[in-house]
Amino acid sequence: YRAAKDKSQKTIENLSKAMEAAQEKAERQLQQAAQQRQTASHATAKKTLWFEKFRWMVTTDNYLVIAGKDAHQNETLVKRYLRKGDAYLHADVHGAASCILRAKRR
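Values in this document were obtained by computation on a predicted structure and should not be read as measured data. (Residues numbered from 1 in each chain as written. Predicted model: local features only at pLDDT ≥ 70, side-chain atom pairs only at ≥ 80, totals over all residues. Heavy atoms only, no water.)

Peer 1: For helix α2 (residues 71–81), give the residues involved together with the corresponding values.
Peer 2: Restricting attention to buried positions, one finds in α2 the residues Q73, N74, T76, L77 and Y81. Down the axis of α2, the buried set is contained in an arc of 160°. They therefore lie on one face. Away from its buried face by more than 90 degrees, α2 exposes A71, H72 and K79. (Buried < 20%, exposed > 50% of the residue type's maximum accessible area, 1.4 Å probe, protein only. Helix = DSSP H or I, 4+ residues; strand = E, 2+ residues; numbered from the N terminus. Arc of directions from axis to C-beta.)

So, in structure tokens, the structure goes:
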């Protein structure tokens, strides 16, 4: 009888230790998940600019040059984004990209 009682008491103690360890592990996992969410939200914070869907570059004089990737984008560039004062560049070759050299705003 005494051996069974000791065995059941040890089992209860070990179960309580296992429960405490499981709770600590769960809390650590929750903290790690929260940290990962915070770092992931910082990484995705960059907002894409409107001209990033085209081919683009910035010159050494800080002018923005935008070019279309295909005929549809060339049309979109000319009809929607060409402003007064911008320079329009296009080669007289079939399939060449339309380019816009954006004028600086005053």
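On we go from here.
Peer 1: Summarise the pattern of salt bridges; cite the residues concerned and give the values.
Peer 2: Across all of its chains, the model carries 3 salt bridges by this definition. K79 is the salt-bridge partner of E75, the closest N and O atoms lying 3.6 Å from each other. With E75 and K79 both in helix α2, this residue pair falls 4 residues apart, about one helical turn. Note on E75: relative accessible area 45%, which makes it partly exposed. (Salt bridge = Lys/Arg side-chain N within 4 Å of Asp/Glu carboxyl O.)

Peer 1: Quick one: what's the story with the pairing of strand β1 (residues 55–58), residue by residue and with numbers?
Peer 2: Pairing analysis gives 4 bridges linking β1 to strand β2 (residues 64–67), with the strands arranged antiparallel. Residue pairing across strands places V58 opposite L64, the latter belonging to β2. The hairpin turn running from β1 into β2, its antiparallel successor, is 5 residues long, and N62 in that turn takes a positive phi close to 65°. (Pairing = 2+ DSSP bridges.)

Peer 1: For the confidence of the model for the protein chain, give the residues involved together with the corresponding values.
Peer 2: Residues with a pLDDT of 70 or more make up 93% of the protein chain, whose mean pLDDT is 89. The element-level mean pLDDT for the protein chain is lowest in helix α1 (residues 2–43), coming to 88, with β2 highest at 96. (pLDDT = per-residue confidence, 0-100.)

Peer 1: Describe a nonpolar patch on the surface, with residues and values.
Peer 2: A contiguous nonpolar surface patch, about 230 Å² in accessible area, is contributed by V78, L82 and Y88. Of note, Y88 is situated in strand β3 (residues 87–90). (Patch = residues over 30% accessible without salt bridge, like charges linked within 9 Å, V, L, I, M, F, W, Y side chains within 5 Å. Areas by Shrake-Rupley, 256 points an atom, 1.4 Å probe, with all protein chains shown as cover.)

Peer 1: Run through the sheet that holds β3, naming residues and quoting values.
Peer 2: Judged by pairing direction, the sheet is antiparallel, and its 4 strands sit side by side in the order β1-β2-β4-β3 without closing on themselves. Taken across any chain shown, the strands that pair with only one partner, and hence form the sheet edges, are β1 and β3. For this sheet, the mean inter-axis angle between neighbouring strands, taken without regard to orientation, is 20°. In the packing of α2 onto the sheet, contacts are made with β2, β3 and β4 (98–101), and the angle to β4 comes to roughly 35°. (Axes fitted to C-alpha atoms, helices over the stretch in contact; angles between N-to-C directions. Contact = heavy atoms within 4.5 Å.)

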